[in-house]
Each structure stands twice: as structure tokens, then as C-alpha cells.
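Results of the structural survey
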Amino acid sequence: MLQISQKILIPDSELEISAIRSQGAGGQNVNKVATAIHLRFDIEASSLPAFYKEQLLKLNDRRITQEGVIVIKAQEHRSQEQNREEALERLKELIKSAVVFKRKRKSTKPTRSSQKKRLDSKTKRGQIKSSRRQVID
């Protein structure tokens, strides 16, 4: 069971986890041992609440396919178990990030002192640049 929050749990039967060979360098061992983990999670067929499903499908994430399947590949660690934990943690973070709403920014006016400071720094910079000019007698 993967626990997303206190009320939301994903049963292991909804997660499709398979071990594959890792990519990249690693000597002779990399060709023999399947340590990377390929995790697939079908959003539509899951037991997640409808709100979670909608928000996940709205995400513009390359890990979510057109069919609504989340595909995560974990191969950072040398052991299969650590990669499995990493993949599950990534899935958990992805699901949590889908339901977090960002606050809308309230536009504010710059303060009078910040405007004055900005204009003073521009004037000072201009004086520095003008002092670099060639002096003509």
C-alpha cells in the first residue's frame, strides 16, 4: 500500500512494477542484474478520488502518457529495493503536487523609496559610464 495522505491509499494491485536492466556505465555487473525499476500507474483505472484523477490528467508532465498512464523509471541506486522505494516516492510526490494550488499573485505598486533608489542607481551608473568616455581637449 502506498499512502498518499491520511485518507488516500493506493493498493499494490494498482501499481505495475517491473525490474529492468539499468542504462549507462557500471562494468560487467550492469549486463547481468536488473536493478532499475519501471513503475506504471493507470490514473483512470485507479481508486483515487475523481478530483485527484482530474488534476493529474490536467498536468503537463512528460511522465504521463496520452492514455493517462504514469510511467516512472528509477535507476539511480545500485540495488533494486532502493530504486523501488525511489520510484514509489516519485509517484507519491507527483500525485501530491497535482492537488496543491498556487496562490494567485497580487500585483502591488513599488514603494516611493524603492523607485527613488532605482533611479539613483541608474543615474550613478550613467555617470560611471560617461566618465569612461574619451576626453577631448
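Our structure is the block above this text.
In what follows, the accompanying structure is described. Computed from a predicted structure; not experimentally measured. (Residues numbered from 1 in each chain as written. Predicted model: local features only at pLDDT ≥ 70, side-chain atom pairs only at ≥ 80, totals over all residues. Heavy atoms only, no water.)

**Describing the nonpolar core**
Ile10, Phe41, Leu48, Leu56, Ile70, Leu91 and Ile95 are the most contacted members of the largest nonpolar core, which totals 23 residues. At the level of secondary structure, the elements contributing two or more residues to this core comprise strand 4 (36-42), helix 1 (50-58), strand 5 (69-74) and helix 2 (80-98). Sorting elements by how many residues they give to this core places helix 2 first, with six residues. The contacts of Leu91, once residues within four sequence positions are left out, are Leu2, Leu15, Leu39, Phe41, Ile70 and Ile72. (Core = buried A, V, L, I, M, F, W, Y, C linked by side-chain atoms within 4.5 Å. Buried < 20%, exposed > 50% of the residue type's maximum accessible area, 1.4 Å probe, protein only. Helix = DSSP H or I, 4+ residues; strand = E, 2+ residues; numbered from the N terminus. Contact = heavy atoms within 4.5 Å.)

**Quick look at the sheet that holds strand 5**
Across the sheet, three strands lie side by side as 3-4-5; this open sheet has antiparallel pairing. With one partner strand each, in any of the chains shown, strand 3 (15-20) and strand 5 form the two edges of the open sheet. Adjacent strand axes in the sheet meet at a mean angle of 15 degrees, parallel and antiparallel pairs treated alike. Sheet topology places strand 4 next to strand 5; six bridges connect them, and they run antiparallel. (Pairing = 2+ DSSP bridges. Axes fitted to C-alpha atoms, helices over the stretch in contact; angles between N-to-C directions.)

**A short note on the environment of Met1**
Considering the arrangement of structural elements, one finds Met1 in the segment before strand 1 (2-3). Residues Met1 and Phe101, spaced 100 residues apart in sequence, show a C-alpha to C-alpha distance of 26 Å. Discounting chain neighbours no more than four positions away, the residues touching Met1 are Leu9, Ile10, Pro11 and Asp12.

**A closer look at a negative patch on the surface**
Negative charge collects at one region of the surface, where Glu81, Glu85, Glu89 and Glu93 lie side by side. Tracing the chain through its elements places Glu89 in helix 2. Classification of Glu89 as partly exposed rests on a relative accessible area of 38%. (Patch = residues over 30% accessible without salt bridge, like charges linked within 9 Å, V, L, I, M, F, W, Y side chains within 5 Å. Areas by Shrake-Rupley, 256 points an atom, 1.4 Å probe, with all protein chains shown as cover. Salt bridge = Lys/Arg side-chain N within 4 Å of Asp/Glu carboxyl O. Lys, Arg positive; Asp, Glu negative; His and termini not counted. Charge placed at Lys NZ, Arg CZ, Asp CG, Glu CD.)

**Section: the pattern of salt bridges**
This model, assessed by the stated rule, comprises three salt bridges. When the shortest N-O distance is used, the salt bridge between Arg90 and Glu86 registers 3.4 Å. Here Arg90 pairs with Glu86, and both are found in helix 2, just four residues apart, close to one helical turn.

**A short note on the packing of aromatic side chains**
On inspection of all chains with the given rule, the structure shows two aromatic pairs. Each ring, one from Phe51 and one from Tyr52, has its centre 6.4 Å from the other, and the planes form 90 degrees; the classification is edge-to-face. Judged by its relative accessible area of 38%, Phe51 is partly exposed. Ring centres 6.2 Å apart and planes at 45 degrees place the aromatic pair Phe51 and Phe101 in the tilted group. Separated by 50 residues along the polypeptide, Phe51 in helix 1 and Phe101 in the loop between helix 2 and helix 3 (112-131) bring together distant segments of the chain. Three or more aromatic residues link up through ring pairs in this structure, and these residues are Phe51, Tyr52 and Phe101. (Phe/Tyr/Trp six-rings, centres within 6.5 Å; stacked < 30°, edge-to-face > 60°.)

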